[in-house]
Amino acid sequence: MSAVGERVLALLPTRSDLRSTLRQPRRDLMAGLTVAVVALPLALGFGISSGLGAAAGLATAVIAGAIAAVFGGSGFQVSGPTGAMTVVLVPIMHTHGASGVLAVGMLAGLILIGLAIARAGRYMAFVPASVVEGFTIGIACVIGLQQLPSALGVPTPDGDQVVVIAARSVAAFAAHPHWTAAAMAAAVALMILVGGRLRPALPFSLLAVVAATVLAEVAGLTVVRIGTLPAGLAAPSLGFLDVSVLWSLAGPALAVAALAALESLLSAAVADGMGVNHKHDPDRELFGQGLANLVVPLFGGVPATGAIARTAVNVRSGAGSRLAALVHAAVLAAIVYTAAPLVGRIPVAALAGVLLATAVRMVEVGSVRAMARATRSDALVLALTAVATLALDLVKAVILGLVVAGALALRAVARSATLRQMPLHPDLPGDHTVEERALLDEHIVAYRIDGPLLFAAHRFLLELSEVAHVSVVILRMSSVSVIDATGALVLKDAIERLEHRGMVVLISGIQPDHHQPLDALDAIAHLRSAGRVFASTPDAIAAARGHLHREGIVVSGQYSP
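Residues numbered from 1 in each chain as written. Predicted model: local features only at pLDDT ≥ 70, side-chain atom pairs only at ≥ 80, totals over all residues. Heavy atoms only, no water.

Asker: Can you help me understand the overall build of the protein in this one?
Answerer: In terms of regular secondary structure, the protein is built from 26 helices and 10 strands. Computed over C-alpha atoms, the radius of gyration of the protein comes to 32 Å, more than 25% over the 24 Å expected from 2.2 N^0.38 for 561 residues, which places it beyond the range of a compact globule. C-alpha extents for the protein along the principal axes are approximately 110 × 60 × 50 Å. Here the analysis covers contacts within the protein between residues at least 6 apart in sequence; of these, 83% occur between residues at least 24 apart. (Helix = DSSP H or I, 4+ residues; strand = E, 2+ residues; numbered from the N terminus. Rg over C-alpha atoms; globule rule 2.2 N^0.38 Å. Contact = heavy atoms within 4.5 Å.)

Shown next as structure tokens:
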């Protein structure tokens, strides 16, 4: 069997996964039912927000929820449509239509499967917390702004930027106010936020939607409703699989895959922290999400990811295995087949209120405050990622956040290197009189370089250039952790400046793997040819002492005239 085949087999469910689903079936059944109650209004709302409709959101929650539960790498993960994914899908829907969204979902599924086979899941650990926090803040803002047209009861204005659309929605509402929709959205959001704080165990999102729907029916309110839903999961036409347009969808597919991987692995990590003795397999999680996104478009669903909020509800409700997520999908499927007409009567403004409350609850104020106070770099990365998420698309925002965070971290590491003057006494070979030792200290100076010698190493050039005039300068490099090309060039320049001032430069303790950059840039070639590169500091001091004897500065342990 090929290596790829063996890798795919390693990603498939095992017998232990099946056995674990039967350990606590009662708890898993109750947890799955609770999650389904919470997921129903979210699935409807995110489906509508994506542009494909409420039925697409339900299909995604059912199909992706079941497939990811079976093949994913977390026993607690609940998958389905999410607000973050909706933000990415809106411009794709605007540009390529519904068929483009479905095709992008399938392509993203293939990309995720490829990432799983390539063992890319482990790299999630390198995403800084400040990037994740800023990303979450930006998503919350985008989700909230996206709901303004439905919450205000106005048609969605044209435009690509969510801020522009929100501003036009407010202007349209100011011209022709629709207070019924606005009041309903505000009441639903307030009920969820206040009720969730007072009684977090109750599913206030579903209760608020039911109350709004009943009120609209009884009072005969004029509000926009979801509309007719298909009684079942109908497969769409496969005409969207037009090979000629797939290349133009490669970019959006990469964006969707990147977001699905980021959000799913983040959600799985959160579930690990909430559970006991549980650790997810990141590569299997990518594989499960890839399969889910590959199949969901065949049922008219939107791309899915692991959902942090629903996963957290699942764990808090006592879930112990994948069975809970499977029950969640089964309950939603039963609703699709038995209660589609009732679901179609739900006011759109009520779902907008649910998503507004979701956006508010996504932001942990205490966590954001702590992150902003940690360091200036963390605060900068958090703010930059949040603003970029709002102004650009999500993947660009994450990439920008990672680049800036990486640059700041590398700058901090590079600037952590130090240059310290070291005494000669501990490494001084042989026996010496007090007079000779004082004379050696007067004419020989030793510096130890600690840490990485990278692109910020120009500080060493300035420090070494200010060395008082002595006969010999010893550079101890045994504590240098890494050298790059810039560091080698800076070292070369510093050596040349010291020699130009008439000083002899000796080097000791170069690590074996540091010779390559130094030799490639001829930083110490002339020193090596002159025999001024030594394995240890005592050898360098002995050579320096010999130089002083040859120059007549030290004569038989006495001061020279």
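Asker: It is not clear to me how unusual backbone geometry should be interpreted in this structure. Could you clarify?
Answerer: Trans is the prevailing form of peptide bonds, just as negative phi is the prevailing case for residues other than glycine. With a phi angle near 60 degrees, Arg119 is a residue other than glycine that sits in the positive phi range. One can find Arg119 in the loop between α5 (83-117) and α6 (129-146). Assessed through its relative accessible area of 42%, Arg119 is described here as partly exposed. Look at Asp522: it is not a glycine, yet its phi comes out positive at around 50 degrees. Within the secondary structure, Asp522 is located in the loop between α24 (515-520) and α25 (525-529). (Buried < 20%, exposed > 50% of the residue type's maximum accessible area, 1.4 Å probe, protein only.)

Asker: Honestly, the layout of surface pockets in this entry has me stumped. Any pointers?
Answerer: Unfilled space is identified by rolling a water-sized probe across the atoms. Estimated volume of the largest pocket: approximately 1,700 Å³. Lining of the largest pocket is provided by 50 residues; of these, Ala309, Arg316, Arg361, Met362 and Glu364 occupy positions nearest its centre. Considering every element that reaches the lining of the largest pocket, the biggest residue donor is α6, with 7 residues. Roughly 1,100 Å³ of volume is contained in the second largest pocket. Along the walls of the second largest pocket sit 49 residues, with Ser49, Val90, Gln146, Thr156 and Ile165 positioned nearest its centre. (1 Å grid on protein atoms, 1.4 Å probe; cavity = no way out; pocket = protein on both sides within 12 Å on 5 of 7 lines; lining within 4 Å. Points joined across faces, edges and corners; volume = space filled by probe spheres on them.)

Asker: What is the right way to look at the packing of helix α3 (residues 25-50) against helix α10 (residues 204-219) in this model?
Answerer: When two helices pack together, their arrangement is given by the angle between the helix axes and by the axis-to-axis distance. Look at α3 against α10: their axes get within 8 Å of each other, and the N-to-C directions meet at 55 degrees. Relative to α10, the element α3 is oriented oblique. α3 and α10 meet at a crossing whose hand is left-handed. On α10, the residues touching Val37, Val38, Leu40 and Pro41 of α3 are Ser205, Leu206 and Val209. Residue composition of the contact of α3 with α10, by class: 6 nonpolar, 1 polar and no charged. (Axes fitted to C-alpha atoms, helices over the stretch in contact; angles between N-to-C directions. Parallel < 35°, antiparallel > 145°, perpendicular 65-115°, else oblique. Left-handed = near helix turned anticlockwise from the far one by under 90°. Nonpolar A, V, L, I, M, F, W, Y, C, P; charged D, E, K, R; others polar.)

Asker: What am I meant to see in the side chain of Thr213 here?
Answerer: Here Thr213 lies in helix α10. Given the relative accessible area of 12%, Thr213 is considered buried. Apart from residues lying up to four places away in sequence, Thr213 is in contact with Arg345, Ile346 and Pro347.

Asker: Please clarify how the environment of Leu33 should be interpreted in this entry.
Answerer: Mapped onto the elements, Leu33 comes out in helix α3. Counting along the chain gives 77 residues from Leu33 to Leu110, while the straight-line C-alpha distance between them is 31 Å.

Asker: How do you make sense of the confidence of the model for the protein when you look at a structure like this?
Answerer: Close inspection of predicted coordinates is inappropriate for parts of the model with low pLDDT. A residue-level look at the protein finds 91% of positions with pLDDT of 70 or above and a mean pLDDT of 83. This stretch, residues 556-561, has a pLDDT under 50; its non-local contacts, to residues over four places away or in other chains, come to 10 contacts. (pLDDT = per-residue confidence, 0-100.)

Asker: Just checking my understanding: could you explain the pairing of strand β5 (residues 472-476) for this structure?
Answerer: With respect to burial, β5 is a largely interior element, 5 of its 5 residues being buried. What you see with β5 is no split at all: Val472, Ile474 and Arg476 on one side and Val473 and Leu475 on the other are buried throughout. As paired elements, strand β4 (residues 444-453) and β5 share 5 bridges and run parallel to each other. Considered in β5, the bridge of Tyr447 is made with Leu475. Of the pairings in the sheet, the one linking β5 to strand β7 (residues 504-508) comprises 5 bridges and is parallel in character. For Val473, the partnering residue across the bridge sits in β7 and is Val505. (Pairing = 2+ DSSP bridges.)

Asker: What is the right way to read α6 from this model?
Answerer: In an α-helix there are 3.6 residues to a turn, and that puts residues three or four apart on one side. Over its 18 residues, α6 extends 26 Å from the first C-alpha to the last, a length consistent with the 26 Å expected when each residue adds 1.5 Å. A large share of α6 lies buried, amounting to 15 of its 18 residues. (Expected span 1.5 Å × (residues − 1).)

Asker: Teacher, can you tell me more about helix α26 (residues 537-550) here?
Answerer: The end-to-end C-alpha distance of α26 is 20 Å, a good match for the 20 Å that 14 residues give at a rise of 1.5 Å each. Every buried residue of α26 is accounted for by Thr537, Ala540, Ile541, Ala544, His547 and Leu548. Buried residues of α26, viewed axially, fall in a sector of 115 degrees; they line one side. In the stretch just after α26, Gly552 is the one whose phi turns positive, near 80 degrees. (Arc of directions from axis to C-beta.)

Asker: What is the right way to read the nonpolar core from this model?
Answerer: One broad rule of soluble globular proteins: the nonpolar side chains tend to lie buried together. Of all hydrophobic cores here, the largest spans 88 residues; its most connected members are Leu44, Met184, Val188, Val256 and Leu332. Ranked by residues supplied to this core, first place goes to α5 with 13 residues. Every residue in contact with Val188, bar those within four places of it in the chain, is listed here: Ala208, Ala212, Ala350, Gly353 and Val354. Val467, Met477, Met503 and Ala523 belong to the second-largest nonpolar core, a separate cluster that totals 26 residues. (Core = buried A, V, L, I, M, F, W, Y, C linked by side-chain atoms within 4.5 Å.)

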